[in-house]
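The chain contents come next:
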Amino acid sequence: MHEPLRHLHRQGRPGHGRLRSVPAPDVAALLAELERSEPGRAGHARDAIDRLTGGEPLETLTELTVCEFLWYTLPTQVAGDRGAVAAALGRLLELGGLGRYAALCSSPVTARILRTYERSGEEAGTAACRRALDATGLLPPDLPELRWSSIMGPEELGAHGACSAALELARVCGEPAVDSAAGREALTRRWLTEPRADLGGDSWLHRVRGERLNRWVLGRGAAWRELAQPFEAHLHAPVPAPAGTFLAALRWLLELGRRPGGIPLPQDRDPARPAPDGSRWSDGELEAARELAEGRMGALRRAGRRLVTTREGRRLLGDRDLLWETASAALLAPAPGEDAFRASAREAALMLLAEGAPADRDRVAGVVGRGEGRAREVDAVLADLARRLAAFGLRTGGRLTPAGRSAALAALRSHALRPRTYARAS
């Protein structure tokens with residue numbers, strides 16, 4: 001089965017920004033006019049416009065919503081002669097003075113995509129749709145501050161629609177900045193982060209983050225909600241890096257990896273090789289730090305029989321806040337092929353540790369649920385988490401250090417704010 005279309009399988013309708021300076025004509029009046037002049041098209045037009053607008057005025061339309069209807073909704077959810085439906089919708093939009101949108105209905109791109117669905121099936125059609133949407137330049141790009149979800153809640157859907165409308169308006173007004181990826185990113189960032197009067201002084205970014213945090217707290221049953229609820233207030237703002245030195249073993253590995261020759265792989269090196277300051281880490285700590293740096297952080301890579309620091313690793317060494325954020329997020333990064341149960345168990349264990357409670361098998365299973373018969377898996381998750389915390393020097397005597405609690409909060413925040421995506425079938 002094909003990967004679900006990004007930005008198309010969404011819940012609700014977007015709160016798009018308006019591009020028109022005057023109200024659009026009444027849909028009912030336009031349909032009545034079409035019924036008189038071209039009665040054969042009126043039924044198709046009525047069905048199409050109802051699906052497209054959901055009963056809202058024509059002025060709520062944007063180019064992206066029209067493209068999504070023509071290139072995805074129409075061929076996958078509307079039966080019959082889809083070309084005739086597109087033509088009828090185009091005629092209705094033309095009567096309403098929406099010439100740019102009407103032209104999309106009869107464009108070669110639309111005709112080609114509809115043929116692809118008909119001749120090659122839905123998977124090929126949705127792939128053609130994705131390519132065409134990307135080519136429009138109307139999809140707001142992912143940013144470091146926000147990667148868009150595949151499954152959007154109402155606030156994120158509104159933010160996405162508003163950003164797309166802003167990109168469209170800039171293009172219609174001839175702003176050259178939107179012709180480049182950097183320009184589209186800058187406009188999207190500004191639209192997301194600036195306080196907006198229509199949001200009561202709030203920003204779209206803050207709204208989306210609040211929505212994701214709330215869904216993270218409420219989405220997994222009563223025991224989860226009880227444990228997660230107190231964390232919600234602490235996770236709205238970024239968790240700053242602690243003062244002083246932190247992640248010492250990781251820093252040492254990254255420094256060593258950027259020297260000539262890099263880091264010899266384990267079979268070639270002395271596992272007790274001292275750090276520059278004369279201190280030593282255990283084999284297990286160094287190995288766990290290396291695994292996290294190489295796998296989940298992308299900070300080390302193999303070069304023959306050596307490990308060398310990547311460009312990303314050098315960037316992390318030069319930015320202590322980014323290093324802190326990336327390493328903290330790695331505490332909850334799923335292992336390859338890991339299922340949702342194990343990922344949730346690791347998250348629950350980290351919440352328990354962050355509030356100073358023991359994170360044993362029974363407590364974690366009680367929070368996650370569905371733990372019957374999976375005790376060994378919970379034990380494996382707990383051992384893996386303990387190994388990660390030890391690798392970064394964040395736990396001592398079974399409890400998190402002050403820096404460890406900060407890292408736990410930073411990891412939980414990163415995990416709660418991640419984009420919601422469709423789970424792939426295993």
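For the structure itself, look to the data block above.
Bear in mind the structure is a predicted one, so any value in this text is a computation, not a measurement.

Undergrad: Please explain the state of the cysteines as it appears in this structure.
TA: Simply put, disulfide is the name for a covalent bond between the sulfur atoms of two cysteines. One pass over the full model with this rule turns up zero disulfides. No disulfide involves Cys67; its sulfur sits 8.7 Å from the nearest other cysteine sulfur, which is in Cys129. With a relative accessible area of 0%, Cys129 lands in the buried category.

Undergrad: Honestly, the packing of helix H1 (residues 27–37) against helix H2 (residues 39–53) in this entry has me stumped. Any pointers?
TA: In helix packing, the relevant descriptors are the interaxial angle and the interaxial distance, both defined with respect to the helix axes. Between H1 and H2, whose axes approach to 6 Å, the crossing angle comes to 155°. Our classification of the angle between H1 and H2 gives roughly antiparallel. Taken as a pair, H1 and H2 cross one another with a handedness that is right-handed. Facing Val27, Leu31, Leu34, Glu35, Arg36 and Ser37 of H1, the residues of H2 in contact are Pro39, Arg41, Ala42, Ala45, Arg46 and Ile49. Across the contact of H1 with H2, the residue classes tally to seven nonpolar, one polar and four charged.

Undergrad: What is the right way to read the sheet that holds strand S2 (residues 300–303) from this model?
TA: Backbone hydrogen bonds are what pair the strands of a sheet, in a parallel or an antiparallel way. Judged by pairing direction, the sheet is antiparallel, and its three strands sit side by side in the order S1-S3-S2 without closing on themselves. Single-partner strands in this sheet number two, and they are strand S1 (263–264) and S2. Against the sheet, helix H12 (residues 248–257) makes contact with S1, S2 and strand S3 (306–309), and its axis sits at roughly 100° relative to S3, the strand it touches most. Of the strands in this sheet, S2 and S3 touch helix H13 (residues 283–296), which is tilted by about 90° from S2.

Undergrad: Honestly, a positive patch on the surface in this entry has me stumped. Any pointers?
TA: A contiguous patch of positive charge on the surface is contributed by Arg112, Arg115, Arg119 and Arg131. Here the positive patch gets three residues from one element, more than from any other, and that element is helix H6 (residues 108–120).

Each value, and the rule that gives it
Residues numbered from 1 in each chain as written. Predicted model: local features only at pLDDT ≥ 70, side-chain atom pairs only at ≥ 80, totals over all residues. Heavy atoms only, no water. Disulfide = S-S within 2.5 Å. Buried < 20%, exposed > 50% of the residue type's maximum accessible area, 1.4 Å probe, protein only. Axes fitted to C-alpha atoms, helices over the stretch in contact; angles between N-to-C directions. Helix = DSSP H or I, 4+ residues; strand = E, 2+ residues; numbered from the N terminus. Parallel < 35°, antiparallel > 145°, perpendicular 65-115°, else oblique. Left-handed = near helix turned anticlockwise from the far one by under 90°. Contact = heavy atoms within 4.5 Å. Nonpolar A, V, L, I, M, F, W, Y, C, P; charged D, E, K, R; others polar. Pairing = 2+ DSSP bridges. Patch = residues over 30% accessible without salt bridge, like charges linked within 9 Å, V, L, I, M, F, W, Y side chains within 5 Å. Areas by Shrake-Rupley, 256 points an atom, 1.4 Å probe, with all protein chains shown as cover. Salt bridge = Lys/Arg side-chain N within 4 Å of Asp/Glu carboxyl O. Lys, Arg positive; Asp, Glu negative; His and termini not counted. Charge placed at Lys NZ, Arg CZ, Asp CG, Glu CD.

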